[in-house]
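Report on the structure
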Amino acid sequence: MTAKILDGNALSAKLRASLRHRAAELAAQGCRPGLAVILVGENPASQVYVRNKIKACEAVGVHSEKYEFPADTPPEKVLNKIAALNADPKIHGILVQLPLPKQFDEDAVLEAISPEKDVDGFHAENVGLLAQGHPRFISCTPYGIMEMLKSEGVSLKGKEAVVVGRSNIVGKPMTLLLIGASATVTVCHSQTRDLAFHTRRADILVAAVGRPKMITGGMVKPGAVVIDVGINRLPDGKLCGDVDFESAKEVASLITPVPGGVGPMTITMLLANTIEGAVRAAGK
Ligand code: GUN
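**Focus on the pairing of strand S4 (residues 93-96)**
With burial as the criterion, each face of S4 is covered, one bearing Gly93 and Leu95 and the other bearing Ile94 and Val96. When strand S2 (residues 34-40) meets S4, the two strands line up parallel, connected through 4 bridges. Considered in S4, the bridge of Ile38 is made with Val96.

**Some points on the packing of aromatic side chains**
Across all of its chains, the model carries 0 aromatic pairs by this definition. Seen from the ring of Phe137, Arg280 lies directly overhead, with NZ or CZ sitting 4.7 Å from the centre.

**Quick word on a nonpolar patch on the surface**
A cluster of nonpolar side chains, Tyr49, Ile231 and Leu239, forms an exposed patch at the surface whose accessible area comes to about 230 Å². Take Tyr49: it is sitting in helix H2 (residues 44-60).

**Some remarks on the state of the cysteines**
Under the criterion given, the structure shown has 0 disulfides. You can see Cys57 has no disulfide; the closest cysteine sulfur is in Cys140, sitting 11 Å from it.

**Concerning the pattern of salt bridges**
In the structure shown here, the tally under the stated rule is 11 salt bridges. Asp88 is the partner of Lys90 in a salt bridge, and the nearest nitrogen-oxygen pair spans 3.4 Å. For Glu246, the salt bridge identified is with Lys249, shortest N-O distance 3.1 Å. If you follow the salt bridges from partner to partner, you end up with Glu116, Glu125 and Arg136 in one network.

**Observations regarding helix H1 (residues 8-28)**
Here H1 spans 30 Å end to end across 21 residues, near enough to the 30 Å set by a 1.5 Å rise per residue. Taken together, the buried positions of H1 are occupied by Gly8, Leu11, Ser12, Arg16, Leu19, Ala23 and Leu26. An end-on view of H1 places all buried positions within 120° of arc, on one side of the element. Exposed residues on H1 whose side chains face more than 90 degrees from its buried face are Lys14, His21 and Ala28. Buried residues belonging to H1 abut H2, helix H6 (140-151) and helix H10 (262-281).

**Let's talk about the site of the ligand**
Lys53, Leu95, Val96, Gln97, Leu98, Asp120 and Phe122 make up every residue found near the ligand. Here a nitrogen atom of the ligand and a backbone polar atom of Leu98 are 3.0 Å apart. When isolated, the ligand has an accessible area of 280 Å², and the protein chains bury 82% of it. Considering only residue class, the shell around the ligand consists of 4 nonpolar, 1 polar and 2 charged.

**A closer look at the packing of H6 against helix H7 (residues 171-180)**
At a minimum axis separation of 8 Å, H6 and H7 run at an interaxial angle of 35°. In this structure, the crossing between H6 and H7 has a hand that is right-handed. Facing Pro142, Tyr143, Ile145 and Met146 of H6, the residues of H7 in contact are Pro173, Met174, Leu177 and Leu178. Here the contact of H6 with H7 is composed, by residue class, of 8 nonpolar, no polar and no charged.

What counts and how
Residues numbered from 1 in each chain as written. Predicted model: local features only at pLDDT ≥ 70, side-chain atom pairs only at ≥ 80, totals over all residues. Heavy atoms only, no water. Buried < 20%, exposed > 50% of the residue type's maximum accessible area, 1.4 Å probe, protein only. Helix = DSSP H or I, 4+ residues; strand = E, 2+ residues; numbered from the N terminus. Pairing = 2+ DSSP bridges. Phe/Tyr/Trp six-rings, centres within 6.5 Å; stacked < 30°, edge-to-face > 60°. Lys NZ or Arg CZ within 6 Å of the ring centre and 35° of its normal. Patch = residues over 30% accessible without salt bridge, like charges linked within 9 Å, V, L, I, M, F, W, Y side chains within 5 Å. Areas by Shrake-Rupley, 256 points an atom, 1.4 Å probe, with all protein chains shown as cover. Salt bridge = Lys/Arg side-chain N within 4 Å of Asp/Glu carboxyl O. Disulfide = S-S within 2.5 Å. Expected span 1.5 Å × (residues − 1). Arc of directions from axis to C-beta. Contact = heavy atoms within 4.5 Å. Near = heavy atom within 4 Å. Polar contact = N/O pair within 3.5 Å; in protein donor to acceptor, adjacent residues only side chain to side chain. Nonpolar A, V, L, I, M, F, W, Y, C, P; charged D, E, K, R; others polar. Axes fitted to C-alpha atoms, helices over the stretch in contact; angles between N-to-C directions. Left-handed = near helix turned anticlockwise from the far one by under 90°.

So this is what it looks like as structure tokens:
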């Protein structure tokens with residue numbers, strides 16, 4: 001079997017066209033959606049992600065503001081900026097790009113963002129709402145993955161889903177969403193004893209560990225849906241995922257490529273969350 005490729009660029013283009021329409025409608029009603037992005041330090045990957053987020057805002061008509069701080073900025077300065085943005089009616093979404101430099105307490109920074117503007121869905125209140133099954137903002141990567149599964153009509157009810165990775169950004173919220181969709185979910189991580197035992201049982205396999213080509217075709221159940229969240233740079237400069245695409249695509253029924261899979265969907269859902277924030281702020 002050769003898997004069908006789940007094209008995140010194509011699905012993103014379709015979703016972004018309707019988001020552009022929605023943003024224009026809101027702007028015409030005097031409530032143009034606005035996103036503020038805060039970047040601290042010079043992490044090259046973060047700089048690329050932030051640039052892509054701002055470009056995506058421009059392309060769909062979402063107002064964006066970028067605030068850059070040097071790596072040695074005292075945390076109070078960033079917290080003051082967050083407080084100002086919390087009170088700014090032009091801004092419906094605030095995103096602090098992670099990771100932050102060492103002097104920052106990341107949790108304290110995320111908790112300083114108003115939960116009503118927390119378009120990353122990282123605030124404890126929004127994580128709690130998701131865990132209770134009443135999400136307000138859903139973290140963008142897992143949200144994008146759910147949209148990809150929906151677009152292909154993948155049914156999750158009663159299916160075995162295995163999430164590899166337990167991060168706050170992907171693994172944990174992904175697990176909550178899959179449980180919410182009535183899948184039976186196993187979470188694997190660095191201390192899991194026999195990873196392949198678990199992955200071979202997965203009807204839906206989500207890899208989010210940040211280790212290049214860690215999941216090989218032999219670890220995939222025939223016919224599985226394979227979602228690769230990894231974005232790893234190889235020594236030759238090329239990007240690759242956490243899944244060994246070449247071997248896994250011969251076993252899976254559906255697979256996301258890297259690049260061009262989950263990555264573009266993450267940014268698309270950030271736009272969707274910002275627009276949703278504007279809709280709520282306008283009371284519509
Ligand atoms: N760093 C890596 N992924 C993300 C993300 O989705 N949001 C933020 N804010 N930082 C990140």
